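Residue-level listing of the chains:
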Amino acid sequence: MPVRVTLDALIVAKGIKARDLAAEVGLSETQLSLFRSGKVKGIRFRTLARLCAALDCKPGDLLDYAFDAQDLDAADEGD
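Conventions and cut-offs
- Residues numbered from 1 in each chain as written.
- Predicted model: local features only at pLDDT ≥ 70, side-chain atom pairs only at ≥ 80, totals over all residues.
- Heavy atoms only, no water.
- Salt bridge = Lys/Arg side-chain N within 4 Å of Asp/Glu carboxyl O.
- Helix = DSSP H or I, 4+ residues; strand = E, 2+ residues; numbered from the N terminus.
- Buried < 20%, exposed > 50% of the residue type's maximum accessible area, 1.4 Å probe, protein only.
- Arc of directions from axis to C-beta.
- Contact = heavy atoms within 4.5 Å.
- Disulfide = S-S within 2.5 Å.

### Some details on the pattern of salt bridges
Now for step 1: This model, assessed by the stated rule, comprises two salt bridges.
Now for step 2: Asp 64 is the salt-bridge partner of Arg 4, the closest N and O atoms lying 2.5 Å from each other. Taken as a pair, Arg 4 in strand β1 (residues 3-5) and Asp 64 in strand β2 (residues 63-65) lie far apart in primary sequence, 60 residues in all.
Now for step 3: Note that Arg 36 is salt-bridged to Asp 8, the shortest N-O span being 2.5 Å.

Following this line, the structure appears as structure tokens:
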């Protein structure tokens, strides 16, 4: 998948613990771990906003995109 979650790098750069971030944002450690690993198909804007507020960052600091020409093909199922 060309969209990658870069939250781990930001957590390290900020010197915080994932469990503390999860508590501040209102997520379970499991939910945060799934997001960090990229194993989720989506995230609510409210959750993204809370992560950005807690980390003093912008959404682009949490996500990265590598161009894939297939992304321009016909719509995928369910997207």
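Read on, since the account is not over.
### Digging into helix α2 (residues 18-25)
Now for step 1: Among all positions in α2, only Ala 18, Leu 21, Ala 22 and Val 25 are buried. Summarising the axial view, the buried residues of α2 lie within an arc of 100°, below the 170-degree limit, and thus occupy one face. Facing away from the buried surface of α2 by more than 90 degrees, the exposed residues are Ala 23 and Glu 24.
Now for step 2: The inward-facing, buried residues of α2 contact α1 (7-14), α3 (29-36) and α4 (45-55).
Now for step 3: Looking at the residues trailing α2, positive phi occurs at Gly 26, about 90°.

### Some words on the state of the cysteines
Now for step 1: Counted under the stated rule, the structure contains zero disulfides.
Now for step 2: Free of any disulfide, Cys 52 has its nearest neighbouring cysteine sulfur in Cys 57, separated by 4.0 Å.
Now for step 3: Judged by relative accessible area, Cys 57 falls into the buried class, the value being 14%.

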